[in-house]
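Chain by chain, the residues:
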Amino acid sequence: MQAVNGGEPIRVVLADDEAMLRRGLRLLLESSGTIRVVAEAGDGNELLGAVRAHAVDVALIDVQMPGKDGLSALRELTALPDRPAAAVLTTFDLDDYVSDALRYGANGFLLKDADPAVLVRAVHDLAAGGAVLDPRITARLLPRFRGATDNAHEVQLVRGLSARERQVLELLSDGRSNADIGMRLGLTEATVKSYVSTVLSKLGAQNRVQAALIAQRVAGAGDRW
C-alpha cells in the first residue's frame, strides 16, 4: 500500500469530541506508515479551521459533536475549494442524519469499531477518490432508503446505462477508487472520472455513495442489470 501525493503520506484530520478516540485513531492510522494525522478537532468549528490551515486529503468526522456539529461542518466543508474527501464516523446506531450527510456530500460511512486494516484501506480509498461503506452500515442503510424510493424507477435508470457505465457503477458500488476502476477496466483515470460523472447524472445521484446505494438496491431487488 503506497501513500499518495508523489509518495507523501495521506493527510488526515480527525474530528470527534472524544479525545481518547481521536488518540486511538491517530495511533492506528499513523502506524500504517502511509497516513499522517495533521490535525485533530473536537467540534465542527475546529474541523473547518483545521481544513483551512492544513492541506488535507481526508476528513473523518463524527456527526454528534457539541457546538457546531459534524453535519453542519460537513455542509460548509463541501463549499470550500479543494475540499477533502469526507467520511462520517459513526456507531452502529444510525440516526436520521444519514440522508442529510449524503445530501451534503459525505463520501462514506465508517464504524468507529471497524477493523484497523479496514480503516486504513478506507482512508486510502477516500484519498484516491473512492466511496466507502462498511458492509454492516450498508445493511442498515438499504432498508432505510428502500421504502423512500421507487425501486422500479431505479431499475429503469440503471438499465438505461451503457454496458461500460454499468461496469463502472458495479465497481463504484464496491467502493473502488477511479484509479482502481481504471486498472480493472483498462481505462485511464480521467476517462473513469468522466464515466462516473455521467453515471451520477443519469442516476440523479449527488455523489458516489448515493450511486452505490442505488446500485445495491437494484441488485437487492434481483435485477441483473
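Reference entry: report on the structure contained in this document.

Conventions used here
- Going along each chain's sequence as written, the residues are numbered from 1 onward.
- In view of the model being predicted, local features appear only for residues whose pLDDT reaches at least 70, and side-chain atom pairs are presented and counted only at 80 or more, with totals across whole chains, interfaces and linings using the full set of residues.
- As a convention, hydrogens and water are excluded, and side-chain values are obtained from all of the structure's heavy atoms.
- Counting from the N terminus, the helices are the DSSP runs of H or I reaching at least four residues and the strands are the DSSP runs of E reaching at least two.
- For the exposure calls, accessible area comes from a 1.4 Å probe over protein chains only, and a residue counts as buried if that area is under 20% of its type's maximum, exposed if over 50%, partly exposed in between.
- Any pair of residues with heavy atoms lying within 4.5 Å of one another is described as a contacting pair.
- Each accessible area is a Shrake-Rupley estimate made with a 1.4 Å probe; only the visible protein chains count as cover when residues are assessed.
- Grouping buried Ala, Val, Leu, Ile, Met, Phe, Trp, Tyr and Cys residues that are joined through side-chain atoms within 4.5 Å yields what is termed a nonpolar core.
- A 1.4 Å probe that fits into a set of points on a 1 Å grid over the protein atoms alone but cannot get out defines a cavity; an open set with protein on both sides within 12 Å along at least five of seven lines defines a pocket, and lining residues are those with an atom within 4 Å of a point.
- Grid points are joined across faces, edges and corners, and a volume is the space filled by probe spheres set on the points.
- When residues are sorted by character, Ala, Val, Leu, Ile, Met, Phe, Trp, Tyr, Cys and Pro go into the nonpolar class, Asp, Glu, Lys and Arg into the charged class, and all the rest, Gly among them, into the polar class.
- The arc in question is the one spanned by the directions pointing from the helix axis to the C-beta atoms.
- By the convention used here, strands pair only if DSSP detects at least 2 bridges between them.
- Handedness of a crossover is defined as follows: orient the strands so they point away from the viewer, and if the path from the first strand over the helix to the second runs clockwise, the crossover is right-handed.
- Salt bridge, as applied in this entry: a Lys or Arg side-chain nitrogen positioned within 4 Å of an Asp or Glu carboxyl oxygen.
- Every angle, taken between N-to-C directions, lies between 0 and 180 degrees, and every axis is a line fitted to C-alpha atoms, over only the stretch in contact when it is a helix.
- Each angle gets one of four labels, with under 35 degrees taken as roughly parallel, over 145 as roughly antiparallel, 65 to 115 as roughly perpendicular, and the rest as oblique.

## A short note on the overall build of the protein
Scanning the protein for helices and strands turns up 11 helices and six strands. The buried share among the 225 residues of the protein stands at 50%. Long-range contacts, defined here as pairs at least 24 residues apart, represent 66% of the contacts in the protein between residues at least 6 apart. Total accessible area on the protein is roughly 10,300 Å²; 48% of this is exposed by carbon and sulfur atoms.

## So, the nonpolar core
Within the largest apolar cluster, 32 residues are counted, with the highest numbers of intra-cluster contacts made by Val13, Leu47, Ile61, Leu74, Leu77 and Phe109. For this core, the elements supplying multiple residues, two or more each, are strand 1 (10-15), strand 2 (35-41), helix 2 (44-53), strand 3 (58-62), helix 3 (70-77), strand 4 (85-90), helix 4 (97-103) and helix 11 (208-220). Here Leu47 is in contact with Val13, Ala15, Ala41, Ala59, Ile61 and Ala73, once residues within four sequence places are set aside. Core analysis: the next-biggest nonpolar cluster, separate from the first, contains 22 residues, Ile10, Leu14, Leu110 and Leu126 among them.

## Notes on the layout of surface pockets
A volume near 570 Å³ is recorded for the largest pocket. In this structure, the largest pocket is lined by 21 residues; those nearest its centre are Ala85, Leu126, Ala127, Ala128 and Gly129. Mapped onto the lining of the largest pocket, the elements with two or more residues apiece are helix 5 (116-127) and helix 10 (189-203). Per-element accounting of the lining of the largest pocket gives the leading share, five residues, to helix 10. The residue makeup of the lining of the largest pocket, split by class, is nine nonpolar, seven polar and five charged. Counted as a void, the second largest pocket has a volume near 370 Å³.

## With respect to helix 7 (residues 151-159)
Buried within helix 7 we find Glu154, Val155 and Val158. Take helix 7 and look down its axis: the buried residues cluster within an arc of 105°, on one side only. For helix 7, exposure combined with an orientation more than 90 degrees from the buried face picks out Ala152 and Gln156.

## Some points on the environment of Ser194
Tracing the backbone shows Ser194 in helix 10. Between the alpha carbons of Ser194 and Asn178 there is a distance of 9.9 Å; along the sequence they are 16 residues apart.

## Let's talk about the pairing of strand 3
Within strand 3, five of the five residues are buried, which leaves it mostly tucked inside the rest of the structure. Alternating residues of strand 3 divide into Val58, Leu60 and Asp62 and Ala59 and Ile61, and every residue in both groups is buried. Pairing geometry for strand 1 and strand 3, over four bridges, is parallel. In the sheet register, Ala15 faces strand 3, and the bridge partner there is Ile61. Pairing of strand 3 with strand 4, which is carried by five bridges, proceeds in the parallel orientation. If you follow Leu60 over to strand 4, its bridge partner there is Ala87. A crossover links strand 3 with its parallel partner strand 4, the connecting element being helix 3, and its sense is right-handed.

## What about the pattern of salt bridges?
Using the criterion set out here, one finds 10 salt bridges in the structure. With its nearest N and O atoms 2.7 Å apart, the salt bridge here joins Glu40 to Arg26. Remark: Arg26 occurs in helix 1 (residues 19-30) and Glu40 occurs in strand 2; sequence separation between them is 14 residues. Salt bridges linked by common partners bring Arg22, Arg26, Glu30 and Glu40 together as one network.

## Structural notes on the packing of helix 8 (residues 163-173) against helix 10
Contact geometry of helix 8 with helix 10 gives a least axis separation of 10 Å together with a crossing angle of 90°. Classified by the angle their axes make, helix 8 and helix 10 are roughly perpendicular. Contact with helix 8, carried on its side by Arg164, Glu165, Val168, Leu169 and Leu172, involves Tyr195, Val196, Thr198, Val199, Lys202 and Leu203 of helix 10 and no other residues of that element. Taken together, the residues that form the contact of helix 8 with helix 10 break down as seven nonpolar, one polar and three charged.

## Comments concerning the pairing of strand 4
Burial runs high along strand 4: six of the six residues are buried. Of the two faces of strand 4, the one holding Ala85, Ala87 and Leu89 and the one holding Ala86, Val88 and Thr90 are both buried throughout. The pairing of strand 4 with strand 5 (residues 108-111) spans four bridges and is parallel. Bridging across to strand 5, Thr90 finds its partner in Leu111.

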